[in-house]
Amino acid sequence: ACWNALVKAGRDKPLDTALVHFLGAWVALPFLLWVGLPSAQALPFAAASLVIHVGYYIALAGAYQHGEFGLTYPIMRGFAPLLVAVCSLPIVGEAPSALAWTGIVAITCGVALVGLAHPGEALHHGKALGFAFANAAIIALYTLADGRGVRTEVAAGGEALRYVLFLFVLDGLPYPLLVWLRRSPRERRDLLVYARQRWPVAAAGGAASIGSYVIAFWAMTRASVASVAALRETSVLF
């Protein structure tokens with residue numbers, strides 16, 4: 001919740017998103033050099049997640065650019081766990097119990113309704129809703145990919161921390177590069193000025209994002225992916 005709020009608080013949503021993950025990669029790099037690389041078996045899942053995350057950042061920045069944080073964040077985070085639960089059996093080989101389904105549906109409805117508390121007003125933000133719902137599907141995709149990846153890493157004798165740090169280091173370049181290439185030469189000069197002002201906040205956001213991933217994906221090696229994904233989205237309360 002903290003790093004998402006930091007992105008929304010900035011005046012340039014795509015750039016703030018890029019800064020958080022570019023600096024997050026630099027925060028992760030020394031720790032990755034210390035703990036070592038993940039196993040070869042986990043690398044295909046990390047590669048798939050990297051591709052999916054590019055779409056995630058584009059949709060995230062679009063949602064925050066066209067809609068209020070209180071509308072878009074609950075929708076994208078609220079519907080993702082339901083999609084994870086639906087796809088868990090064919091992709092992860094897990095079927096949530098009846099009790100787990102009750103909890104997942106309750107969390108999905110509760111979190112999503114925070115964003116849809118005023119449905120008449122929400123319908124006037126069609127573009128923001130489109131980005132938010134698209135991102136819910138994207139979040140479900142990378143959650144399943146990373147859930148498989150971190151479990152593969154642990155099964156190969158590695159650690160969840162290695163997988164997450166490796167993912168963050170790789171993830172620090174594609175979206176920032178995309179943001180840079182889409183700016184004109186004059187806008188790039190302004191971008192560098194803005195980055196110099198915002199980098200301490202962005203670095204804190206990057207560190208918070210790493211912490212979030214490490215905790216969530218470690219938990220997925222101990223509990224069902226669908227249940228962890230649902231509990232993770234209670235961040236909207238904060």
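Nothing here was measured: the structure is a model prediction, and the numbers come from that model.

### Side note on the confidence of the model for the protein chain
- Across the protein chain, the average pLDDT comes to 85, with 96% of residues at 70 or higher.
- Between the elements of the protein chain, mean pLDDT differs from a low of 57, seen in helix H6 (residues 119-122), to a high of 91, seen in helix H8 (residues 160-171).

### Points about the side chain of asparagine 135
- Among the structural elements, asparagine 135 can be located in helix H7 (residues 126-155).
- Setting aside residues up to four positions removed in sequence, asparagine 135 forms contacts with Gly55, Tyr56, Ala59, Leu60 and Met76.

### Here we look at the packing of helix H4 (residues 69-92) against helix H11 (residues 225-232)
- Viewed as axis vectors pointing N to C, H4 and H11 meet at an angle of 175°, and their least axial separation amounts to 8 Å. What the angle tells us is that H4 and H11 run roughly antiparallel. In this structure, H4 uses Arg77, Pro81, Val84, Ala85, Ser88 and Val92 to contact H11, whose residues at the interface are Val225, Ala226, Ala229, Ala230 and Arg232.
- Grouping the amino acids of the contact of H4 with H11 by side-chain chemistry returns eight nonpolar, one polar and two charged.

### Quick look at the pattern of salt bridges
- Scanning the model with the defined rule gives five salt bridges in all.
- With its nearest N and O atoms 3.0 Å apart, the salt bridge here joins aspartate 12 to arginine 183. One end of the pair, aspartate 12, is in the loop between helix H1 (2-9) and helix H2 (13-35); the other, arginine 183, is in the loop between helix H9 (174-181) and helix H10 (185-219), and 171 residues separate them in sequence.
- Relative accessible area serves as the criterion here: at 17%, aspartate 12 is assigned to the buried category.
- Two residues, arginine 186 and aspartate 190, come together in a salt bridge whose shortest N-O distance is 3.2 Å. Taken as a pair, arginine 186 and aspartate 190 lie in helix H10 at a separation of four residues, close to a single helical turn.
- Look at aspartate 190 and you get partly exposed, because its relative accessible area is 43%.

Rules behind the numbers
Residues numbered from 1 in each chain as written. Predicted model: local features only at pLDDT ≥ 70, side-chain atom pairs only at ≥ 80, totals over all residues. Heavy atoms only, no water. pLDDT = per-residue confidence, 0-100. Helix = DSSP H or I, 4+ residues; strand = E, 2+ residues; numbered from the N terminus. Contact = heavy atoms within 4.5 Å. Axes fitted to C-alpha atoms, helices over the stretch in contact; angles between N-to-C directions. Parallel < 35°, antiparallel > 145°, perpendicular 65-115°, else oblique. Nonpolar A, V, L, I, M, F, W, Y, C, P; charged D, E, K, R; others polar. Salt bridge = Lys/Arg side-chain N within 4 Å of Asp/Glu carboxyl O. Buried < 20%, exposed > 50% of the residue type's maximum accessible area, 1.4 Å probe, protein only.

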